[in-house]
Amino acid sequence: MKTYQLVGIGNAVVDVISQSDDSFLEHMGIEKGIMQLIERDRGEVLYAAMNERVQTPGGSVANTIAGAGALGLEAAFIGRVHDDALGHFYAKAMQDDGVDFVNSPVAGGELPTSRSMIFVSPDGERSMNTYLGISSEVSSDDVPAEVAGSAQIMFLEGYLFDKDKGKTAFMEAAQDCRKGGGKPGISLSDPFCVERHRADFLRLIENELEFVIGNEDEVKSLFETDNLDEALEKLSAICPLVVCTRSGDGVSVVTQDGRINVPVETVVPVDATGAGDQFAAGFLFGLAKGLDVETCAKIGCACATEVISHIGPRPQTDMRALLTTAGLL
């Protein structure tokens, strides 16, 4: 049985990217610059209307796992795709990125593979229209106990909490991971996601998890406060490792030894998509390698800086070489 340094469970979404101007967005009734969830019929209309589509495997935790795999970790991703063209594309693309895609595409009358139609305007704004499809149906059946039980670190995507079977799968995976001596943790995903599942998140964090990664808004939402220091204090009281990204203000990491703040250099992003995902990739890489949390945060920041310097949510540079040059490896 293969053991993994990092295993992620999350939405397996194919990002389908196309260039479009404002008049096209207006004509198609697409709201500019935001992410909207859409139904299957609408998804098919938008997909058909896209010119020169570029397809890439996406999903927040999937992007993190791919980034960590690119840095050299033995990594695996657990997600649900359909036995259709996009599903096979996704599974192969993850394998090509050096990440084991644990699940076989699901055949039968199930929902199609999840996709996010992303329209990039000439000014760089991205208008995202996401059809969740089959990926939001992840359940315990998709999570092999032997994979969870042999993971050194397990990273869970908060978005999957929207369905009860996703919650159950997380609970069981975290328990299997801990039994095997691993560290399970969660990405808070989105402030609205936190709002929907506050009590469940807090219960899971306190009872089952070893770390939490989230941004300032997500962490504050957990405790319904505008005071970040207060929220971090409360969160660190129930979780051994808390990592909070604060955009241009850097990163705060709270452990039992106290809080450290790691600054970031401010850069103007070409495309901010994936900054949080790649920060997590770098941080978890450092954690898996047994580095101190300050170095982990610095590696995370370097990975985030690289990904916002180009279009797309995954690294395009040899990050190991870049980190070595920066003296972080």
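Everything quoted here is computed from the prediction, not taken from an experiment. (Residues numbered from 1 in each chain as written. Predicted model: local features only at pLDDT ≥ 70, side-chain atom pairs only at ≥ 80, totals over all residues. Heavy atoms only, no water.)

Broken down by element type, the protein carries twelve helices and 14 strands. Whereas a compact globule of 329 residues would reach a radius of gyration of roughly 20 Å, the protein reaches 19 Å, a difference of no more than 12%. Principal-axis analysis of the C-alpha atoms gives the protein an extent of 55 × 45 × 40 Å. A total of 329 residues make up the protein; the buried ones form 56% of that total. By sequence separation, contacts in the protein at least 24 residues apart represent 72% of the contacts at least 6 residues apart. Accessible surface, the protein: about 13800 Å² in total, of which carbon and sulfur atoms supply 48%. Looking at the protein, you have 26 positive and 50 negative side-chain charges, and the mean spots of the two groups are 3 Å apart. (Helix = DSSP H or I, 4+ residues; strand = E, 2+ residues; numbered from the N terminus. Rg over C-alpha atoms; globule rule 2.2 N^0.38 Å. Buried < 20%, exposed > 50% of the residue type's maximum accessible area, 1.4 Å probe, protein only. Contact = heavy atoms within 4.5 Å. Areas by Shrake-Rupley, 256 points an atom, 1.4 Å probe, with all protein chains shown as cover. Lys, Arg positive; Asp, Glu negative; His and termini not counted. Charge placed at Lys NZ, Arg CZ, Asp CG, Glu CD.)

As a packed pair, helix α3 (residues 60-70) and helix α10 (residues 275-288) sit with axes 8 Å apart at the nearest point and diverge in direction by 45 degrees. As summarised for this structure, α3 and α10 are arranged oblique, according to the angle between their axes. Crossing geometry of α3 relative to α10 is assigned as right-handed. Where α3 abuts α10, its residues S60, N63, T64, G67 and A68 lie against D277, Q278, A280, A281 and L284. Among the residues making up the contact of α3 with α10, the classes are represented as four nonpolar, five polar and one charged. (Axes fitted to C-alpha atoms, helices over the stretch in contact; angles between N-to-C directions. Parallel < 35°, antiparallel > 145°, perpendicular 65-115°, else oblique. Left-handed = near helix turned anticlockwise from the far one by under 90°. Nonpolar A, V, L, I, M, F, W, Y, C, P; charged D, E, K, R; others polar.)

As a further point, take the sheet that holds strand β8 (residues 126-131). Taken together, five strands build an open sheet; the order of strands is β3-β8-β7-β2-β4 and the sheet is mixed. On the outer flanks of this sheet lie β3 (35-37) and β4 (54-58), each paired with one strand and no other. Pairwise comparison of adjacent strand axes, ignoring direction, gives a mean angle of 20 degrees for this sheet. Here strand β7 (residues 114-120) pairs with β8 via six bridges, running antiparallel. When the sheet's bridge partners are listed, V120 is paired in β8 with R126. Contacts from helix α2 (residues 40-49) reach β2 (13-19), β4, β7 and β8, with the element oriented near 45 degrees to β7. (Pairing = 2+ DSSP bridges.)

With that settled, the discussion passes to the nonpolar core. Grouped together as the largest cluster of nonpolar side chains are 56 residues, with contacts concentrated most on F77, Y90, F283 and L284. Tallying contributions element by element places α10 first for this core, with eight residues. Core analysis: the second largest hydrophobic core is formed by 41 residues, A151, L156, I186 and I238 among them. (Core = buried A, V, L, I, M, F, W, Y, C linked by side-chain atoms within 4.5 Å.)

Moving on, we get to unusual backbone geometry. In this model, S189 sits at a positive phi of 75 degrees, which is unusual for a non-glycine residue. Within the secondary structure, S189 sits in the loop between β10 (183-187) and α7 (191-208). Accessibility expressed as a relative area gives 14% for S189, which makes it buried. Here the phi dihedral of E224 falls at roughly 50 degrees; this positive angle occurs in a residue that is not glycine. Relative to the helices and strands, E224 resides in the loop between α8 (216-222) and α9 (228-238).

Taking the UniProt record as the reference, the feature "domain: Carbohydrate kinase PfkB" (unreviewed entry) is found at residues 36-314. Secondary structure content for residues 36-314 is 43% helix and 21% strand, and the end C-alpha separation is 21 Å. (UniProt positions renumbered as here; feature names shortened; annotations may be inferred.)

What follows concerns the pairing of strand β14 (residues 258-262). Looking at chain direction, strand β13 (residues 251-255) and β14 are connected through five bridges and run antiparallel. Looking across to β14, one finds that S252 is bridged to N261.

In this section: the side chain of S139. Among the secondary structure elements, S139 is positioned in the loop between β8 and α5 (145-149). Look at S139 and you get buried, because its relative accessible area is 13%. Ignoring any residue separated from it by four or fewer positions in sequence, one finds S139 in contact with K165 and A169.

Strand order across the open sheet formed by nine strands is β6-β5-β1-β9-β10-β11-β12-β13-β14, with mixed pairing between neighbours. Edge positions in the sheet fall to β6 (99-101) and β14, since each has one partner strand and no second. Averaged over all pairs of adjacent strands, the angle between their axes in this sheet comes to 20 degrees, without regard to strand direction. With three bridges joining them, strand β5 (residues 75-78) and β6 adopt parallel strand pairing. Residue F77 lies in a different strand from β6, and its bridge partner there is F101.

In this structure, V293 sits in helix α11 (residues 293-307). Classification of V293 by relative accessible area gives partly exposed; the value is 22%. Between the alpha carbons of V293 and E26 there is a distance of 46 Å; along the sequence they are 267 residues apart. In this structure V293 touches L241, V253, T255, I260 and F283, once residues within four positions along its chain are discounted.

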